[in-house]
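Each chain, written out:
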Amino acid sequence: MKMEEGKFISEFKKLYCTAYKYKFYRLLIILFGHVFSVMALFNLKNQNRKANVAAHKRKILDSLATENKFAEILQEERAEILKINRYFGDEMVERKIEARANKNAKKRFEQLTTKLFKQKFEKKDLQVMNFRDSFLKMLDNRVVFYISLLLAFPMYLVVLVFKFPFLKYSLERIFMLIFVIFGVVFVVFSILWISPSDPAINVLGRGANQEAIDAWRISYGLDKSYIEQLFQTFKSVITFDFGNSYQSNLPVTDLIVEKFPITFKIALLSILVAVLIAVPAGIISAIKQYSKFDYIAMTTALVGLSIPNFWLGLMLILVFAVNLGWVNVLFELNSLKSMILPAVVIGTSLAAAVARMTRSSMLEVTKADYVITARAKGLPESKVIFKHTFRNAIIPIITMIGLQFGLILGGASVTEKVFSIPGIGDFMLFSQFLPDNPAVIASVVYIAIIISITNLLVDLLYAIFDPRIKSKIREY
């Protein structure tokens, strides 16, 4: 038990020293371990008082002053500057020579004082402590260790994060997300504030009397000042309580939670359609460059990029819903059949971009030395393609798919409008026309979170497919 405890303390000390190098983590350590930090500060002062640091420094300075050491160093620096000037043929004003010599002499004098101070303490077997050393020395006492574990447990969690590089990387990204959210909310709220559109008139109608308009504004807090409303908006972001929608008078958070699963299912199906079409097409086009398949596939991809989603959606509804009757014209919740056409519309447009990216990435890697070497060794062509070529070309493909997936989760408003899907995109699009301020702010927060989390997952996927990125994250 004692061995495990000692091992934990030793490991914690190493992690603490690593974390202490970073200013942000140093601040968190002091903040979360404030009780123990105060104890360490008192211990530091007590130890340095025992070492009589000030008295020893004073003696050293007095000794150097007696020997007139500073004047001697100043003279040497002045002579050195004049020597250099003569060598290069430079002419300097006496005042500048004196200023430079004085600056260099002060620096050398401080270095000499520090050196003598350290030598004096080494001879006397004394040690000047800093806050970090004082903190770590206190952990050697078992009683103090258990007290610190009880009173400063969050501090231990902050330090132990350094033991798990991927967790540290993820938490830092999530922490940065907080600043992104508040920054975006501030900009969007300010735009809504200065907007000439009046939600009260839009909701009640232009025929409403002034008393009804004023009462409606008071009920939603729109009668308050800019600062008060901004503070209330920030508070709603922290609590995830954005209030009620101006249109339906229902909680905005509940509306987003209700609509998110619909958009999420369509996004997953769309990505599946895109990957199944685009990745094989891109690989074959790269392998058979300038072949008939390559020309047909890339021309089709170019056409897919050019076709507007609303037009393709209407054509699919006309063919498969109206003429063939395979699916219903109106969207049905919890019906996989109703999600197929929207997924095909979004997936095909995404597939066009992914196919072109797959082809270009594969072509870049195909001529690399390690691929040529793999073929020269006599490896099967399938192994060369998938293990050596595709695996090294997959990073840009993951980036493309990840970014597009985040955008789809943010709401494919045009497609959702065409198919009458009650998803996030349709909700956000309708909220902007009023404007429904709580719904718009909640949508902005939702998009910021979705995009940030998607980017984080994409970065972590890099580490799975590329060992070089994995090692960089471990050193991060």
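Residues numbered from 1 in each chain as written. Predicted model: local features only at pLDDT ≥ 70, side-chain atom pairs only at ≥ 80, totals over all residues. Heavy atoms only, no water.

For the rest of this paragraph, the subject is the overall build of the protein chain. Helices and strands together make up the secondary structure of the protein chain, namely 23 helices and zero strands. Out of the 476 residues belonging to the protein chain, those deemed buried represent 39%. A separation of at least 24 residues holds for 75% of the contacts in the protein chain among residues at least 6 apart in sequence. Entry remark: accessible area of the protein chain is about 28600 Å², with carbon and sulfur atoms responsible for 64%. (Helix = DSSP H or I, 4+ residues; strand = E, 2+ residues; numbered from the N terminus. Buried < 20%, exposed > 50% of the residue type's maximum accessible area, 1.4 Å probe, protein only. Contact = heavy atoms within 4.5 Å. Areas by Shrake-Rupley, 256 points an atom, 1.4 Å probe, with all protein chains shown as cover.)

This part covers helix H14 (residues 252-287). With 36 residues, H14 ought to run about 52 Å at 1.5 Å a step, and its terminal C-alpha atoms sit 50 Å apart, in line with that. Its maximal kink placed at Lys259, H14 deviates by approximately 30 degrees, while the proline Pro261 follows within four residues. (Expected span 1.5 Å × (residues − 1). Bend = angle between axes of the 7 residues up to and from the residue.)

It is worth spelling out the packing of aromatic side chains at this point. Evaluated as defined, the whole model comprises 17 aromatic pairs. Summarising the aromatic geometry, the rings of Tyr22 and Tyr25 are spaced 6.3 Å apart at their centres and angled 75 degrees between planes, so their arrangement reads as edge-to-face. Under the relative-accessibility criterion, Tyr25 is labelled buried at 8%. Centre to centre, the rings of Trp193 and Tyr226 are 5.5 Å apart; their planes meet at 65 degrees, and the pair counts as edge-to-face. Of the two residues, Trp193 sits in helix H10 (residues 165-194) while Tyr226 sits in helix H13 (residues 226-239), which places them 33 residues apart along the sequence. The class of Trp193 is partly exposed, set by a relative accessible area of 38%. One aromatic cluster in this structure is built from Tyr22, Phe24, Tyr25, Phe162, Phe175 and Phe179. Sitting above the plane of the Tyr22 ring, Lys168 keeps its charged end 5.7 Å from the centroid. (Phe/Tyr/Trp six-rings, centres within 6.5 Å; stacked < 30°, edge-to-face > 60°. Lys NZ or Arg CZ within 6 Å of the ring centre and 35° of its normal.)

Attention now goes to a positive patch on the surface. Side chains of Arg95, Lys96, Arg100, Lys103 and Lys107 sit close together on the surface and give a patch of like positive charge. Mapped onto the elements, Arg100 comes out in helix H6 (residues 94-123). Exposure remark for Arg100: the relative accessible area of 44% places this residue in the partly exposed category. (Patch = residues over 30% accessible without salt bridge, like charges linked within 9 Å, V, L, I, M, F, W, Y side chains within 5 Å. Salt bridge = Lys/Arg side-chain N within 4 Å of Asp/Glu carboxyl O. Lys, Arg positive; Asp, Glu negative; His and termini not counted. Charge placed at Lys NZ, Arg CZ, Asp CG, Glu CD.)

All right, on to unusual backbone geometry then. With a phi close to 60 degrees, Phe240 is a non-glycine residue in the positive phi region. With respect to the helices and strands, the residue Phe240 is situated in the loop between H13 and H14. Taking relative accessible area as the criterion, Phe240 reaches 45% and is therefore assigned partly exposed. Of note, Tyr290 is a non-glycine position whose phi angle comes to about 65 degrees, a positive value. Inspection of the secondary structure puts Tyr290 in the loop between H14 and helix H15 (292-306). Given the relative accessible area of 55%, Tyr290 is considered exposed.

Looking at helix H9 (residues 153-160), one finds that the buried residues are Met155, Tyr156, Val158 and Val159. Burial along H9 is one-sided: seen end-on, the buried residues are contained in an arc of 160 degrees. (Arc of directions from axis to C-beta.)

Next up on the list: the side chain of Arg359. Looking at the element boundaries, Arg359 is found in helix H17 (residues 336-366). A residue is classified by how much of its surface remains accessible, and Arg359, at 16% relative accessible area, is buried. Excluding residues within four positions of it along the chain, Arg359 makes contact with Gly282, Ser285, Ala286, Gln289, Tyr290, Asp294 and Met298.

In the contact formed by H10 and helix H22 (residues 437-465), the axes pass within 9 Å of each other and the chain directions differ by 155 degrees. Considering their axes alone, H10 and H22 lie roughly antiparallel with respect to each other. For H10 against H22, the interelement crossing comes out right-handed. Along its contact with H10, which presents Phe166, Tyr169, Ser170, Arg173, Ile174, Leu177, Ile181, Val184, Val185, Val188, Phe189 and Leu192, the element H22 presents Asn437, Val440, Ile441, Val444, Val445, Ala448, Ile449, Ser452, Leu456, Asp459, Leu460 and Ala463. (Axes fitted to C-alpha atoms, helices over the stretch in contact; angles between N-to-C directions. Parallel < 35°, antiparallel > 145°, perpendicular 65-115°, else oblique. Left-handed = near helix turned anticlockwise from the far one by under 90°.)

Together, Phe310, Trp311, Leu314, Met315, Leu318, Val319, Val322, Leu324, Trp326 and Val414 make up a nonpolar patch on the protein surface, roughly 930 Å² of accessible area in all. Among the elements that line the nonpolar patch, the one with the most residues is helix H16 (residues 309-323), at seven residues. Following the sequence through the fold, Leu324 ends up in the loop between H16 and H17.

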